[in-house]
Amino acid sequence: MSTAAPLAGRVAFITGAARGQGRAEALRLAADGADIIAIDLCDQIDSVPYPLATPDDLAATVKLVEDAGGRIVAVQADVRDEQALRSALQTGVDRFGRLDIVVANAGIAPMQSGPDGWRDVVDVNLTGAHHTVEAAIPIMVAQGAGGSIVLISSAAGLIGVGGGDRGSLGYTAAKHGVVGLMRAYANFLAPHSIRVNTIHPTGVDTPMINNEFTRGWLKHIAEELNAPTDFSNALPVQVIQSEDVANAVAWLVSDQARYITGVTLPVDAGIVNKR
Ligand SMILES: NC(=O)c1ccc[n+]([C@@H]2O[C@H](COP(=O)([O-])OP(=O)(O)OC[C@H]3O[C@@H](n4cnc5c(N)ncnc54)[C@H](O)[C@@H]3O)[C@@H](O)[C@H]2O)c1
């Protein structure tokens, strides 16, 4: 990678990197010069009705990054398991020697499920983001070179969209919870020059929503009386692409955003403002 690249010499830890937005973020940050530490569960969670990523998906991310000239270490790990996550991150730090950027991206959307869906979505989308930051803090603080942490929330982290099923309520609650986590971390990591922000995408064209179950759920809540069913964006676009989110991540973690911390950044085609 050229030393002129904006993230040259930096190392980025990305969760949920086997596909979707996580893969796009790995590719983009590698193109900007960063070395990538990628983790993904690569397994199924019972309450999630659509297929999660596979080991082949994670291997494909590795190949795409390497084919583009980047460096990547990929490990299968579950963000719900803090020790496994710490050990996966350490594997990457041992290889690349440092850590500058964290993207807590792993997530599930078990929208139509019951109490198990509530528990799982809070465990993965909120507690998993917490574990991801906790694993990174001692390494970044000891390094003493600052850094940037981005937590991928959702438009559903800023507005009360969704249905009345426990999985959907849990998704919206967890994504709002990520904002509280970000605000607290932004304050107490600021003395270490570590910035913490959230990104709030509208619908993104990934396997999380581009599947028969999520399409069925959207139809289901449209039929629920009083459900907030309007998922249309302000800008004339139905869904955005993973690269649109990766572009925002790349900017937020770069020196271009060096004094931006504690911010909730919508990448949402105007859906939040419309509410
Ligand atoms: N797709 C959308 O419309 C949309 C909109 C707003 C926010 N988001 C959020 O964006 C993030 C990325 O989602 P995506 O759209 O790329 O979906 P995706 O399903 O394609 O990717 C999510 C990845 O996270 C991994 N993962 C799930 N549980 C995990 C766990 N316990 N440990 C480690 N990895 C795990 C999955 O295997 C998968 O590879 C998620 O946090 C999601 O909630 C998505």
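Please refer to the structure placed before this passage.
A quick note: this is a predicted structure, and the numbers were derived from the prediction, not measured. (Residues numbered from 1 in each chain as written. Predicted model: local features only at pLDDT ≥ 70, side-chain atom pairs only at ≥ 80, totals over all residues. Heavy atoms only, no water.)

J.: Sorry, what's going on with the overall build of the chain here?
T.: The helix and strand inventory of the chain stands at eight helices and seven strands. A globule of 275 residues ought to have a C-alpha radius of gyration of about 19 Å, and the chain, at 18 Å, matches this closely. Viewed in the frame of its principal axes, the chain has a C-alpha envelope of about 55 × 35 × 35 Å. Expressed as a percentage of its 275 residues, the buried residues of the chain come to 52%. Across the chain, contacts joining residues at least 24 apart in sequence account for 77% of those joining residues at least 6 apart. (Helix = DSSP H or I, 4+ residues; strand = E, 2+ residues; numbered from the N terminus. Rg over C-alpha atoms; globule rule 2.2 N^0.38 Å. Buried < 20%, exposed > 50% of the residue type's maximum accessible area, 1.4 Å probe, protein only. Contact = heavy atoms within 4.5 Å.)

J.: I keep staring at the environment of Gln 112 and nothing clicks. Help me out?
T.: Tracing the backbone through its elements, the reader meets Gln 112 in the loop between strand 4 (101–104) and helix 4 (115–143). The spacing of Gln 112 and Gly 163 is 51 residues in sequence and 8.3 Å in space, taken between C-alpha atoms. If we skip the residues at most four places from it in the chain, Gln 112 touches Asp 165, Phe 213, Gly 216, Trp 217 and His 220.

J.: Is there a simple way to explain the pattern of salt bridges in this structure?
T.: A side chain with one charge may pair with a side chain of the opposite charge, provided their charged atoms come close. Tallying each qualifying case throughout the model produces nine salt bridges. Arg 80 serves as the salt-bridge partner of Asp 78, at 2.7 Å between the closest nitrogen and oxygen. Under the relative-accessibility criterion, Arg 80 is labelled partly exposed at 30%. For Arg 86, the salt bridge is made with Glu 82, and the minimal N-O distance between the two is 2.8 Å. With Arg 86 and Glu 82 both in helix 3 (residues 82–96), this residue pair falls four residues apart, about one helical turn. For Arg 86, a relative accessible area of 27% corresponds to the partly exposed category. A cluster of three or more residues bridged by salt bridges with shared partners is formed by Asp 116, Arg 119 and Asp 120. (Salt bridge = Lys/Arg side-chain N within 4 Å of Asp/Glu carboxyl O.)

J.: Explain the side chain of Arg 195 to me, please; I cannot follow it from the model alone.
T.: Positionally, Arg 195 belongs in strand 6 (residues 194–201). For the buried residue Arg 195, which engages in no salt bridge, the nearest side chain bearing the opposite charge is Asp 255, 5.9 Å off. At 2.6 Å, the side chain of Arg 195 and the backbone oxygen of Leu 252 are in polar contact. Separated by 2.9 Å, the side chain of Arg 195 and the backbone oxygen of Ile 260 make a polar contact. (Lys, Arg positive; Asp, Glu negative; His and termini not counted. Polar contact = N/O pair within 3.5 Å; in protein donor to acceptor, adjacent residues only side chain to side chain.)

J.: When you look at the sheet that holds strand 5 (residues 147–152) in this model, what are you seeing that I'm missing?
T.: Strand pairing within a sheet occurs via backbone hydrogen bonds; the two strands may be parallel or antiparallel. Sheet architecture is open: seven strands sit in the order 3-2-1-4-5-6-7, paired in parallel fashion. Each having just a single partner strand, strand 3 (72–76) and strand 7 (264–267) make up the two edges of the open sheet. Neighbouring strand axes in the sheet, compared pairwise and without regard to direction, differ in orientation by 15° on average. Sheet strands in contact with helix 2 (residues 55–67) are strand 2 (35–40) and strand 3, and its direction is about 175° off that of strand 3. (Pairing = 2+ DSSP bridges. Axes fitted to C-alpha atoms, helices over the stretch in contact; angles between N-to-C directions.)

J.: Honestly, the site of the ligand in this entry has me stumped. Any pointers?
T.: Around the ligand sit 30 residues, and of these Arg 19, Asp 40, Tyr 171, Val 204 and Thr 206 come closest. For the ligand, an oxygen atom lies 3.2 Å from a polar atom in the backbone of Ala 53. One nitrogen or oxygen atom from the side chain of Tyr 171 is found 2.7 Å from an oxygen atom belonging to the ligand. In isolation the ligand exposes 830 Å². Once the protein is present, 99% of that is buried. (Near = heavy atom within 4 Å. Areas by Shrake-Rupley, 256 points an atom, 1.4 Å probe, with all protein chains shown as cover.)

J.: Just checking my understanding: could you explain the environment of Ala 129 for this structure?
T.: Relative to the helices and strands, Ala 129 resides in helix 4. The sequence separation of Ala 129 and Pro 201 amounts to 72 residues, and the corresponding C-alpha distance is 16 Å. Other than its neighbours up to four places away in sequence, Ala 129 contacts Ala 104, Val 124 and Leu 181.

J.: Whenever I open this one, the side chain of Ser 168 confuses me. Can you help?
T.: Tracing the sequence through the fold places Ser 168 in helix 5 (residues 166–189). Once residues lying within four places of it in the same chain are set aside, the contact partners of Ser 168 are Pro 110, Met 111, Gly 162, Gly 163 and Trp 217.

J.: Explain helix 7 (residues 242–252) here, please?
T.: Along an α-helix, residues three or four apart share an orientation, since each turn contains 3.6 residues. Among all positions of helix 7, only Ser 242, Val 245, Ala 246, Ala 248, Val 249, Ala 250 and Leu 252 are buried. Turning to helix 7, the residues buried within the fold contact helix 1 (20–31), strand 4, strand 5, strand 6 and strand 7.

J.: Looking at this model, I keep getting lost on the pairing of strand 5. Mind explaining?
T.: For a regular strand, side-chain orientation follows a simple rule: the groups alternate between the two sheet faces. Within strand 5, six of the six residues are buried, which leaves it mostly tucked inside the rest of the structure. When strand 4 meets strand 5, the two strands line up parallel, connected through four bridges. Paired with Val 103 across the strands is Val 150, a residue of strand 5. Where the polypeptide runs from strand 4 across helix 4 and back to strand 5, its parallel neighbour, the crossover connection is right-handed. Sheet topology note: the strand 5/strand 6 ladder contains six bridges and is parallel. (Right-handed = clockwise from strand over helix to strand, strands pointing away.)

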